[in-house]
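Fold and geometry: a report
Chain by chain, the residues run as shown.
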Amino acid sequence: MPLDVPFTLGPFRIDDKGGLSPGTPDRFPSFRLCWQGHWVQARLGTDGQLVLSTSLGRVVSTGRPEEGAATCRSHAFTLLHALPAMMPPGWQALLRPDHSLAAEAHIPLALPTRAEALITELTLFLLRLAPYRDLLAEEAGMEGVTIPAG
């Protein structure tokens, strides 16, 4: 039985070649996944931008009484200031009001796109993200923002 194309599948519009586009301008396909205990949010916009974001950790609170916390916090802010210049084009580092740091990447995709292209870009994001997460954990003592097991 032939498919009646194009058709809608969830938030996607599927064309006759299997290409994916957002179903409607007001409904952007998005999903979350867990990678190494951290949430990664993915969203596809009608403009072809794939937006990927995740938390990189949290700057040690000023309320922490441990010895060396102020030095750790100062070092973290120094690294945060330098981080944007180290990141790939289209990436940005965002310091949130709760002192958590997020990485966000805006990746252009030609629409319609293919599922393989989405998975490839997501995988590249995760691979490129690892050194930044490691740097902040090792050098700045940033606390990880992880998902509890279970």
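This write-up is about the structure you can find in this document. Each chain has its residues counted from 1, running along the sequence as written. Two thresholds apply to this predicted model, a pLDDT of at least 70 for residue-level local features and 80 or more for giving and counting side-chain atom pairs, whereas whole-chain, interface and lining totals are computed over all residues. Derived side-chain values reflect all non-hydrogen atoms in the structure, with water molecules and hydrogen atoms excluded from consideration.

Before going further, it helps to spend a moment on the pairing of strand S6 (residues 49–58). Partly exposed residues are those whose accessible area sits between 20% and 50% of the maximum for their type, while under 20% is buried and over 50% is exposed, using a 1.4 Å probe and protein chains only. A run of H or I in DSSP becomes a helix once it reaches four residues, and a run of E becomes a strand once it reaches two; helices and strands are each numbered from the N terminus. Counting buried residues in S6 gives eight out of 10 residues, a clear majority hidden from the surface. Alignment of strand S5 (residues 38–44) against S6, held across five bridges, turns out to be antiparallel. When the bridges of S6 are listed, Gln 41 appears paired with Ser 53. Here S6 pairs with strand S8 (residues 100–108) via nine bridges, running antiparallel. Its bridge partner lying in S8, Leu 50 is registered against Ile 107. Strands qualify as paired when DSSP identifies two bridges or more between them.

Here we come to the pattern of salt bridges. By convention in these notes, a salt bridge is any Lys or Arg side-chain nitrogen within 4 Å of a carboxyl oxygen on Asp or Glu. A complete count under the given rule lists one salt bridge for this structure. The salt bridge involving Arg 114 is made with Glu 116; its shortest N-O contact spans 3.6 Å. A relative accessible area of 40% places Arg 114 in the partly exposed class.

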